[in-house]
Amino acid sequence: MTTHNTTNRLANEKSPYLLQHAYNPVDWFPWSEEAFDIAKRDNKPIFLSIGYSTCHWCHVMERESFEDEEVAGLLNRDYISIKVDREERPDVDHIYMTVCQALTGQGGWPLTIVMTPDKKPFFAGTYFPKHKRYGRHGLMDLLTQLGSLWRNNPDKVLETGEQIVQEVEKSMLANLNGSISAETLDQAFEIYEQRFDPEYGGFGNKPKFPTSHNLSFLMRYYQRSGNEKALQMVEKTLDSMHRGGMYDHVGYGFSRYSVDEKWLVPHFEKMLYDNALLAWTYIEAYQLTGKKKYAEVAEQIFAYVLQDMTDSDGGFYSAEDADSEGEEGKFYVWSPKEIVEALGDEDGEWYCDLFDITDTGNFEGRGIPNLIHQDLETAASRKGLALHELKERVERCRQQLFAAREKRIHPGKDDKILTSWNGLMIMALAKASKALGNESYLQAAAKAAQFITINLRREDGRLLARYRDGEAAYPGYVDDYAFLVWGLIELYEAAFDIRYLKLAVELNAQMIDLFWDEERGGLYFYGNDGEQLISRNKEIYDGALPSGNSVAAMNLLKLSKLTYDAKLSRIADTQLEAFAGSIERYPAGHSMFLIALDFAYGPTSEIVIAGRKGSDEIAEMLEEVRSGFRPNAITVFVPDGAEGEEVGRLIPLVQDKRAIGGRATAYVCRDFACQSPTTDLEELIELLQPEQD
């Protein structure tokens, strides 16, 4: 390892990940035509390295290899080296990750690809140490062998690259023939039930990812079927994740995943998208069960995001690193001595006992605070305290520990602002503002939406994907459109500002123009105006992030109901049919798509509240509508006067629905049949009741 005092081309980039490598002795290029032109001119293969700024093993590979003069010398002599931030260029990442998974059976970051100057891959892997270790091939040996293969047998390399591209193209469209029905939802539930961990919650073995959309689907399935097991799986998982070390009990927010089955040891990086999706799911659990503890977790997530992950102009940052001072998790773990120093002897010993901080530790000799072995209710009973007394003491200790932790060297923060992930946080905040009546969440969501419309749209209205340091770049991907439209629909239902719904309709139409496959249906990942890569893929698998196609399916269904747009309705139907074969093969891998399917098969309802904006009667009716778990309901507010006329022009559903006799009036329609309008709150409660059964 060496300290390199001169910069490479990455010093001119905005990505925090690329800037981390700006002082490497490797002669890095960003993904650019210049790099490929030079590779063709010099007849050199491409060494492509893809990662992101908060990736622990990306840091390890950099320290071991990319900061090393010997590795750099080999790369600079025999290869053209390209570094890509997967969060800026998910189009590039998705394609080459598919290659890696096809060739090796696994994937992850850092992603390592060797390919021809025509972008056709002939080798793929993930992390490699400098020299062979623990059964992993060494990078030096691989680079030497692959360089020799390129020089001595180029025809074989080109043939291999061509074969890989052809196979990848076949697998990337996700349009498989098949059929789906309401029974598909039952099949998915059976798979979740089989994979459920009854001891610790979650699904499958370690590592465990939160994948909150699985839980949101199960809540809808519980409501549809009445199957108590579905709700039990949700609650067990939500409780276990929150009690585990994957949750930051000192500073709030969730880490990306747990490396063990207990949710104890996290991969310490915190991602904006995880926290947005988890907040959404905890809010829905609160709406469904009425248990305030779930609302409190969501509120804590928002406290973390609004304090630590929000730009002064309202956009949300992307992530916080797992590492600080070169060590994973160092910022987050404690020794008993450190706890006592921060809290004093009595509170310190009490906190260590409650949160499992011991001399032996639970992570590399130090302690991750957790409540795996006892929840607060049990602890209160054991210590002879009322629950509120114990919570007050925990909160007092937490604040003191937070103040002490703030003095430590913080993990790195990836402060780029991504349209897609901001769309998810706008959605979660808007959802919470409705469920909890919290105006500050609505204001934060509105400010973020304003940030995107000002900073991440070109003059022609085209969405862009990334903003950082005054620069917006990269034509937006389908996720940017789908996630932001989702956020705008929720924001409309929270604020009833028709501008948000108009923008959602406009962006949804633009998404169809840019990404829709006219021949087979479904949405491509990158637009017809984007850089054409070796394949134009469609994503449908709902992994850590739901796919853009799944979220778009939900949006299309809702917007077609709101606007009575026949073309949009046909596209919504085609969107469901286009991926039927993929869903049928493994329904549980497509939980967000199943949420759309649940909406499509109904029952759905439309709730229209009409009357004078700001009146107490309107507020009471809206509070009642928002208090329950009604995921398949669309709510519209029609104010008196000209503003109401404008709402009617965009939403034909409400054109004949106005306040009766000057009083707040509710109209409830379910599955194409409308009940008589009512001005009585108790009668509204009765009308809403069937959807809660």
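Scroll up to find the structure.
None of these values were measured; they are calculated from a predicted model.

When you look at the pairing of strand E5 (residues 121-125) in this model, what are you seeing that I'm missing?
Each regular strand shows side chains that alternate between the opposite faces of the sheet. Within E5, five of the five residues are buried, which leaves the element mostly enclosed by the surrounding structure. Taken together, the four bridges between strand E4 (residues 111-115) and E5 define a ladder with antiparallel strand orientation. From the neighbouring strand, Ile113 faces E5, where its bridge partner is Ala124. Turn length for the E4-E5 hairpin, with the two strands adjacent in sequence and antiparallel, is five residues, and the turn residue Lys119 shows positive phi of about 75°.

Can you walk me through the packing of aromatic side chains in this structure?
The geometry of an aromatic ring pair is captured by the separation of the ring centres together with the interplanar angle, meaning the angle of the planes. Using the criterion set out here, one finds 33 aromatic pairs in the structure. Ring geometry for Phe268 versus Phe363: centroids 5.2 Å apart, planes at 65°, classification edge-to-face. With Phe268 in the loop between strand E7 (266-267) and strand E8 (270-271) and Phe363 in the loop between helix H14 (345-355) and helix H15 (376-382), the pair connects residues that are 95 residues apart, well separated along the chain. The same class applies to Phe268 and to Phe363, which are both buried.

So what exactly am I meant to see when it comes to the pairing of strand E14 (residues 464-468) here?
Within E14, five of the five residues are buried, leaving the element largely enclosed by the surrounding structure. Two elements, strand E13 (residues 417-418) and E14, share two bridges in a ladder whose sense is antiparallel. When the bridges of E14 are listed, Leu418 appears paired with Arg466. Bridge count for E14 against strand E15 (residues 471-475) is four bridges, and the pairing is antiparallel. Looking at E15, one finds that Arg468 is bridged to Glu471.

Would you mind going over helix H3 (residues 56-66) with me for this structure?
In terms of residue burial, H3 counts as a mostly covered element, since eight of its 11 residues are buried. Among the residues making up H3, those that are buried are His56, Cys58, His59, Val60, Met61, Glu62, Ser65 and Phe66.

What's the story with the sheet that holds E13 in this structure? I'm lost.
Read from one edge of the open sheet, three strands run E13-E14-E15, paired in antiparallel fashion. Of all strands in the sheet, those with a lone pairing partner are E13 and E15, marking the two edges.

Sorry if this is basic, but what is going on with empty space enclosed by the protein here?
If a probe the size of a water molecule is rolled over the atoms, the empty space left behind becomes visible. For the structure shown, the criterion picks out four cavities of 30 Å³ or more. In this structure, the largest cavity occupies an estimated 310 Å³ of space. For the lining of the largest cavity, the elements supplying multiple residues, two or more each, are helix H11 (272-289), helix H17 (419-436), helix H19 (478-495), helix H21 (548-563), helix H24 (591-601), helix H25 (616-627) and strand E17 (633-639). Its boundaries defined by the atoms lining it, the second largest cavity holds a volume of some 90 Å³. Surrounding the second largest cavity, 13 residues form its lining, Gly245, Tyr247, Asp248, His249 and Tyr332 being those nearest its centre. Taken together, the residues that form the lining of the second largest cavity break down as seven nonpolar, three polar and three charged.

For this particular structure, what's the right way to read the packing of helix H9 (residues 212-225) against H11?
If you want to describe how two helices pack, look at the angle between their axes and the distance between the axes. As a packed pair, H9 and H11 sit with axes 9 Å apart at the nearest point and diverge in direction by 20°. In terms of orientation, H9 and H11 fall into the roughly parallel class. Taken as a pair, H9 and H11 cross one another with a handedness that is left-handed. Together, Ser212, His213, Leu215, Ser216, Met219, Arg220 and Tyr222 of H9 and Leu277, Leu278, Trp280, Thr281, Glu284, Ala285 and Leu288 of H11 make up the contact between the two elements. When its residues are assigned to classes, the contact of H9 with H11 shows eight nonpolar, four polar and two charged.

For this particular structure, what's the right way to read the state of the cysteines?
When the sulfur atoms of two cysteines share a covalent bond, that bond is a disulfide. Counted under the stated rule, the structure contains two disulfides. Put simply, Cys55 and Cys58 are joined by a disulfide, and their sulfur atoms are 2.4 Å apart. Where Cys55 bonds to Cys58 through sulfur, the torsion about that S-S bond is close to 80°, and the disulfide is right-handed. In this model Cys669 forms its disulfide with Cys674; the gap between the sulfur atoms is 2.0 Å. Around the S-S axis, the bridge from Cys669 to Cys674 shows a dihedral of about 100° and counts as right-handed. What links to what in the protein: the bonded cysteines, counted in sequence order, pair as 1-2, 3-4. Not part of a disulfide, Cys352 finds its nearest cysteine sulfur in Cys397, a span of 9.8 Å. Classification of Cys352 as buried rests on a relative accessible area of 9%. Judged by relative accessible area, which is 0%, Cys397 ranks as buried.

Please clarify how the environment of Leu218 should be interpreted in this entry.
Summarising the element assignment, Leu218 is placed in helix H9. A residue is classified by how much of its surface remains accessible, and Leu218, at 0% relative accessible area, is buried. Through-space distance from the C-alpha of Leu218 to that of Glu169 is 33 Å; in sequence the pair is 49 residues apart. Aside from chain neighbours lying at most four places away, what touches Leu218 is Phe189, Tyr192, Phe203, Ala230, Met233 and Val234.

How do you make sense of the pattern of salt bridges when you look at a structure like this?
A side chain of one charge can pair with a side chain of the opposite charge when the charged atoms of the two come close. Taken as a whole, this structure holds 56 salt bridges when the rule is applied. With a shortest N-O distance of 3.7 Å, Asp78 and Arg151 are connected by a salt bridge. Of the two residues, Asp78 is situated in helix H4 (residues 69-78) and Arg151 in helix H6 (residues 139-152); the sequence distance between them amounts to 73 residues. Salt-bridge contacts for Lys291 lead to Glu235; the nearest nitrogen and oxygen are separated by 2.8 Å. On the criterion of sequence distance, the pair formed by Lys291 in the loop between H11 and helix H12 (292-308) and Glu235 in helix H10 (residues 228-243) is long-range, its members being 56 residues apart.

The rules behind these values
Residues numbered from 1 in each chain as written. Predicted model: local features only at pLDDT ≥ 70, side-chain atom pairs only at ≥ 80, totals over all residues. Heavy atoms only, no water. Buried < 20%, exposed > 50% of the residue type's maximum accessible area, 1.4 Å probe, protein only. Helix = DSSP H or I, 4+ residues; strand = E, 2+ residues; numbered from the N terminus. Pairing = 2+ DSSP bridges. Phe/Tyr/Trp six-rings, centres within 6.5 Å; stacked < 30°, edge-to-face > 60°. 1 Å grid on protein atoms, 1.4 Å probe; cavity = no way out; pocket = protein on both sides within 12 Å on 5 of 7 lines; lining within 4 Å. Points joined across faces, edges and corners; volume = space filled by probe spheres on them. Nonpolar A, V, L, I, M, F, W, Y, C, P; charged D, E, K, R; others polar. Axes fitted to C-alpha atoms, helices over the stretch in contact; angles between N-to-C directions. Parallel < 35°, antiparallel > 145°, perpendicular 65-115°, else oblique. Left-handed = near helix turned anticlockwise from the far one by under 90°. Contact = heavy atoms within 4.5 Å. Disulfide = S-S within 2.5 Å. Salt bridge = Lys/Arg side-chain N within 4 Å of Asp/Glu carboxyl O.

Purely geometric stuff here, so don't read any function into it on its own.
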